[in-house]
Amino acid sequence: MRLHPEPEPIAPGADFAQMVADSFPPVLLASLAHLTGDMSLLRDALAPDSTRVLEPDCGYSQSQADGARSLAIDALERYRKGGCVAADPLTDEQAAQIIGFLTGAPPEHDYLPILLEEISLDGDRRAPRWHKSEIAPDSDITVGIIGSGMSGILVAHRLLQAGVSVVIFEKNPDIGGTWLENSYPGCRVDVPNHLYSYSFAQTGDWPNYFSTQDVLLDYFRACADEFGVREHIRFNTEVSGATWDESEARWDVSIVARSGASELVSVQVLVSACGQLNRPHFPDIDGRERFAGTSFHSARWDHDLDLADKRVAVIGSGASAVQFIPPVVESAAHTTVFLRTPPWLLPAPEYMEELPESMRLLLRHIPDYARWDRCWIFWRMHEGLLPMAVVDSDWPDQERSVSASNDLLRELFTMYLQVTVPDPVLFDALLPKYPPLAKRLVLDNGTLPATLARDDVTLETCAIAEITDSGVRTIDGKDHKCDVLIYGTGFVASEFLTPMSVTGRDGVDLHASWDGEARAYIGMTVPLFPNMFLMYGPNTNIVVNGSIIYFSEGEANYIVESVRMLLEKHLESMEVRRDVHDVYNTRIDEGNRAMAWGASHVNTWYKNASGRVSQNWPFSLLEFWQRTRKPDPDDYILTSKNNGDR
Ligand code: NAP
C-alpha cells in the first residue's frame, strides 16, 4: 500500500471520458480546481445540493453531471497539454472556496477548520506544533501505551512527532488490534476508506470503496513503519495491571511476556489504547463446554478448519456475523443461523464492489481526488442519520419509531426489505421490531437476504435453550445438530480495561470505583487516576455518523496537549476533578437518553449490564473536536513538581 502516491503524468491520447466516468462530478471539479488552480470550474449550477446529501445521488441531475464532466474533460486536456504541471499549493482561502463549493456552507462555518484538517492539504494539519526539546529539554517523560491498533499507532506517532518518548505494550505478535484479530472471512470496514484512514496518511490506493481486513491491516502496517512506531513496540507483551506511585508520580506497569516472564516498567503517563471491542463475548448459554465439535469466536477464527461437508451453526446476527455468514454458507454443507434480533439493513450497492478501472485510472493521475472525496464523505456523514435518531417525546408508539423522521426511515428500510426479501416468512423474521438507529445498522448490497434465502441455510429465530454435545437445542425442544459452532456474539465492550487491574491514587481500584459503570471525562480521564488517558473510552463510540478514526485523532491531540501542559507547567500530574467529570457525565447520560439507542429497550452492546448507554457519544462531531483541542487546566487537579500542590 502506497501512502502518498504521486500523480502519474497523463499520456497523449488518454481517454478522458473513461477517466471521469465513475467519479462524483462535484468531487471531480473540486479536485481539478485544486490540481490546476482554475477556480472557475466551481460553478454554482454544478455544486451539489447540501440539503440532499443523504440521497443516493445527492440530488445531482443528469444534466449537471454531463455539464460537470465535460468541463472536467476540458480542464484535463489543458492540464495534459501544459505538461501535467500542478498549480501552486492552495492557500487556505482557496481551499475554503473549494470546500464551500462542495458543502454549500458559508466561508466562516464552524466545520471549516475541521474540514481543512481532514483534507490536510499540507500533509498533516493535526501534527503537534511543539517539540519537547524546545519546551522541556531536561524533563524525563515516557508515555506507556497499551495496544498498537489504530489508536495506539496514532497516539505513539503524535508523541514521537513532539519528541516525547513512548513504549507500546502489545499482547499480539503484530500491530493492527481489531484489524489483526478479526480475520474472519468477509471481514471489511463499513465506512468508506477515503474517510476511514488517518487524515495525515491518505491514499488513493484502496482497491475497494470499503476495503477488506487484509488491506486495512496492510495500511496500518505501512503507517506504523512509515511513522517509525514499530521499533517502540514490545510485542507479545500483555499488560496485567498498573499502579500509580504517588511519591514518584509515575505509573508502574506490570507486563507479562508470552514466555510467562513478568516485569515492571515505569512511565510518567499511561494511555490505554485497547479500545472497546477486543475481548470476545461468549453468551451465557447452558452447556457451552459440552459441545463435542469445533467451536470458536469470530475474532478467533480457526483458519485451519475446512468447512466443506460440515454442518455449521452460527449464533449472532451483528456486524461481524452478517459479514462471515455468506462466505461460511459458500463453503459449508449446511448452515443454521440463530438470529435473536435482526439488524436494520442500510442499502449500500457499492459495499462489496472493487473500484472500477476508470476510478483507478483517475486516482493514478489525480490522487488528490481521494482527499476531496474524503471532504465530501465527511460532510455527508458528519451528521449523517443523527437527527433521525433524536427522540421526540411526544411521538406515539416509541417501540416502533422515535420520531416522524425516524418513522420515515423505518418505512424506507422496510421497503428495501420488501424488495430484497420476497419470501413472507423470511421477511417477517428479518423485519426488526424496534426503531431504526436504536441498534447498529448493517450495510447490505443484497448478499445477506439472498444468503439467508438459500436452501442450504436454516434461519432459526426460536430462542436457544442450551448447547448439547452435538449441537444447539432451542426452547421448542428441537435439536439442531452441527459439527462446527461459530460465535458471532460480539465483545465485552462495556467492561473497559478488563482484565487489567489498575490502581490509582489512594490505592483505589479502577473497576471497583466504576462498579460496573465505566465513565470518563470526554471518554479519556478518570478521577483518582492521574496521568492516565483512555482512547475509545466510555461514551466515544459513534453510531450513525462519522468515522471512529476522527475520534481517535481528537483524543490523540488532547493527550499530546496534556503532555505539553505537564511539561510546560512543570507538573507531576493532572487528575480530572470529580465535579467536572460528574457534570459532564450527567449531560452525556441525558444526551443518550434522548437518542433512539438510549430510549429503546432492544439488546445492544451500547448498553452495560445496568442498561445505561456506556459506549456512545450522543452529540455532534463538532463538539468532540472543540472539547479535544486542549485540556482546560481548570478541569484538573494539577500537582506541581516544585511544591507538591494538589
Ligand atoms: P454485536 O453487534 O454485539 O452482535 C452480537 C450478536 O450476538 C447479536 O446478534 C446478539 O443478539 C447475538 N447474541 C449474543 N448473545 C446471544 C445469545 N445468548 N443468544 C443469541 N444471540 C446472542 O457484535 P459484533 O457483530 O461482533 O459487532 C460489534 C461491533 O463491532 C459492531 O457494532 C461494530 O461497531 C464493530 N464491527 C464493525 C465492523 C465493520 O466495520 N464492518 C464489522 C464487525 C464489527 P442480540 O442482538 O439479540 O443481542
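1. Quick word on the nonpolar core
Inference 1: Residues I145, Y198, F220 and W372 are the most contacted members of the largest nonpolar core, which totals 182 residues.
Inference 2: It is helix 18 (residues 548–568) that provides the largest number of residues to this core, a total of 12 residues.
Inference 3: Those residues in contact with I145, other than ones at most four positions away along the chain, are G152, V155, A156, L159, V166, V167, I168, F169, V271 and A273.
Inference 4: In this structure, A249, W251, V265 and V502 belong to the second largest nonpolar core, which totals 26 residues.

2. As for unusual backbone geometry
Inference 1: P499 follows T498 through a cis peptide bond whose omega is 0°.
Inference 2: With respect to the helices and strands, the residue P499 is situated in the loop between strand 17 (484–487) and strand 18 (501–503).
Inference 3: Positive phi values are uncommon outside glycine, yet N236 reaches one of about 50°.
Inference 4: Note that N236 resides in the loop between strand 3 (233–234) and strand 4 (237–245).
Inference 5: Using a relative accessible area of 26% as the deciding quantity, one classes N236 as partly exposed.
Inference 6: In this model, D309 sits at a positive phi of 70°, which is unusual for a non-glycine residue.
Inference 7: Tracing the backbone shows D309 in the loop between strand 8 (294–297) and strand 9 (311–315).
Inference 8: Overall, the relative accessible area of 71% leaves D309 in the exposed class.

3. Topic: a nonpolar patch on the surface
Inference 1: Side chains of L408, L412 and M415 sit close together on the surface and give an oily, nonpolar patch of about 290 Å² of accessible area.
Inference 2: Note that L408 resides in helix 14 (residues 404–420).
Inference 3: In this structure L408 comes out as partly exposed when scored by relative accessible area, which is 48%.

4. Notes on the site of the ligand
Inference 1: Taken together, 24 residues form the shell around the ligand, and within it R188, S320, T341, K439 and R440 come nearest.
Inference 2: Between a nitrogen atom of the ligand and a side-chain N or O atom of Q323, the distance comes to 3.1 Å.
Inference 3: Contact distances for the ligand include 2.8 Å between an oxygen atom and a side-chain N or O atom of R340.
Inference 4: Expressed as a share of its isolated accessible area of 910 Å², the protein-covered part of the ligand is 86%.
Inference 5: No other element matches helix 10 (residues 319–331), which puts 3 residues into the shell around the ligand.
Inference 6: Across the shell around the ligand, the residue classes tally to 9 nonpolar, 10 polar and 5 charged.

5. What about the environment of V166?
Inference 1: Of note, V166 is situated in strand 2 (residues 165–169).
Inference 2: Since its relative accessible area comes to 7%, V166 is described here as buried.
Inference 3: Sequence spacing of V166 and I141 is 25 residues, and the spatial spacing of their C-alpha atoms is 8.6 Å.

6. Here's the deal with the state of the cysteines
Inference 1: Counted under the stated rule, the structure contains 0 disulfides.
Inference 2: In this model C375 remains outside any disulfide bridge; the closest cysteine sulfur is found in C58, 13 Å from its own.
Inference 3: Judged by relative accessible area, which is 0%, C375 ranks as buried.

7. Here we look at the packing of aromatic side chains
Inference 1: The tally for this structure, following the rule as stated, stands at 29 aromatic pairs.
Inference 2: Judged by centre distance (6.4 Å) and plane angle (65°), the ring pair of Y521 and Y636 falls under edge-to-face. You can see Y521 sitting in the loop between helix 17 (510–514) and strand 19 (532–534) and its partner Y636 sitting in strand 21 (residues 636–640), a full 115 residues away along the chain.
Inference 3: Look at Y521 and you get buried, because its relative accessible area is 7%.
Inference 4: Members of the aromatic cluster, each reached through a chain of ring pairs, are Y111, F378, W379, Y550, F551, W617, F619 and F624.

8. Things to note about the packing of helix 5 (residues 112–119) against helix 12 (residues 369–381)
Inference 1: Interhelical geometry of helix 5 versus helix 12 gives an angle of 140° and a closest axis separation of 9 Å. The angle between the axes of helix 5 and helix 12 places the two elements in the oblique class. Our pair here, helix 5 against helix 12, has a crossing hand that is right-handed. Residues I114, L115, E118 and I119 of helix 5 touch helix 12, and the partners they reach there are R371, W372, R374, C375, F378 and W379.

9. Describing the sheet that holds strand 14 (residues 464–467)
Inference 1: Within the open sheet, the 3 strands sit side by side as 14-15-16. Their pairing is antiparallel. A single partner strand is all that each edge strand has here, and the edge strands are strand 14 and strand 16 (479–481). Across the sheet, the mean angle separating the axes of adjacent strands is 25° when strand polarity is ignored.
Inference 2: Judged from the 3 bridges that link them, strand 15 (residues 471–474) and strand 16 form a sheet pairing that is antiparallel. Opposite R473, over in strand 16, you have D479 as the bridge partner.

10. A few points about the pairing of strand 20 (residues 571–576)
Inference 1: Buried residues dominate strand 20, accounting for 5 of its 6 residues.
Inference 2: Here strand 20 runs beside strand 21; their pairing, made up of 5 bridges, is antiparallel. Along strand 21, the bridge assignment pairs E575 with I637.

11. Let's talk about the domain arrangement of the protein chain
Inference 1: Assigned domains within the protein chain: domain 1 (140–175 + 229–279 + 493–640) and domain 2 (288–344 + 388–487).
Inference 2: The C-alpha-based centres of domain 1 and domain 2 are spaced at 33 Å.
Inference 3: Each side of the interface is counted separately: domain 1 has 15 residues, and domain 2 has 15 residues.
Inference 4: Between domain 1 and domain 2 the total buried area reaches about 1,200 Å² when both faces are included, carbon and sulfur atoms providing 61% of it.
Inference 5: Among the residues of domain 1 in contact with domain 2, A596, V602 and N603 are the three that bury the most area, contributing 35% of the side total.
Inference 6: Here domain 1 and domain 2 share 0 salt bridges between them.
Inference 7: The interface formed by domain 1 and domain 2 includes 3 residue pairs in polar contact (both at pLDDT 80 or more).
Inference 8: If you tally residues by element for the side of domain 1 that touches domain 2, the top one is helix 20 (residues 596–599), at 3 residues.

12. A closer look at the pairing of strand 4
Inference 1: When strand 4 meets strand 5 (residues 250–257), the two strands line up antiparallel, connected through 8 bridges. Each bridged residue has a counterpart across the sheet, and for E238 the counterpart in strand 5 is V256.
Inference 2: Here strand 4 folds back onto strand 5, and the loop between the two strands holds 4 residues, one of which, A249, carries a positive phi near 50°.
Inference 3: Looking at chain direction, strand 4 and strand 18 are connected through 3 bridges and run parallel. Opposite T243, over in strand 18, you have T503 as the bridge partner.

13. Some words on the sheet that holds strand 4
Inference 1: A sheet is described by the order of its strands in space; here 4 strands give the open sequence 6-5-4-18, paired in mixed fashion. Edge strands, defined here as strands with exactly one partner in the open sheet, are strand 6 (262–267) and strand 18. Neighbour-to-neighbour, the strand axes of this sheet turn through a mean angle of 20°, independent of strand direction.
Inference 2: Where strand 5 lies against strand 6, 6 bridges are found, and the strand directions are antiparallel. Across the sheet, the residue bridging to V256 is S262, located in strand 6.

What counts, and where the lines are drawn
- Residues numbered from 1 in each chain as written.
- Predicted model: local features only at pLDDT ≥ 70, side-chain atom pairs only at ≥ 80, totals over all residues.
- Heavy atoms only, no water.
- Core = buried A, V, L, I, M, F, W, Y, C linked by side-chain atoms within 4.5 Å.
- Buried < 20%, exposed > 50% of the residue type's maximum accessible area, 1.4 Å probe, protein only.
- Helix = DSSP H or I, 4+ residues; strand = E, 2+ residues; numbered from the N terminus.
- Contact = heavy atoms within 4.5 Å.
- Patch = residues over 30% accessible without salt bridge, like charges linked within 9 Å, V, L, I, M, F, W, Y side chains within 5 Å.
- Areas by Shrake-Rupley, 256 points an atom, 1.4 Å probe, with all protein chains shown as cover.
- Salt bridge = Lys/Arg side-chain N within 4 Å of Asp/Glu carboxyl O.
- Near = heavy atom within 4 Å.
- Polar contact = N/O pair within 3.5 Å; in protein donor to acceptor, adjacent residues only side chain to side chain.
- Nonpolar A, V, L, I, M, F, W, Y, C, P; charged D, E, K, R; others polar.
- Disulfide = S-S within 2.5 Å.
- Phe/Tyr/Trp six-rings, centres within 6.5 Å; stacked < 30°, edge-to-face > 60°.
- Axes fitted to C-alpha atoms, helices over the stretch in contact; angles between N-to-C directions.
- Parallel < 35°, antiparallel > 145°, perpendicular 65-115°, else oblique.
- Left-handed = near helix turned anticlockwise from the far one by under 90°.
- Pairing = 2+ DSSP bridges.
- Domains from an automatic or database assignment.
- Buried area = accessible area lost by both parts, 1.4 Å probe.

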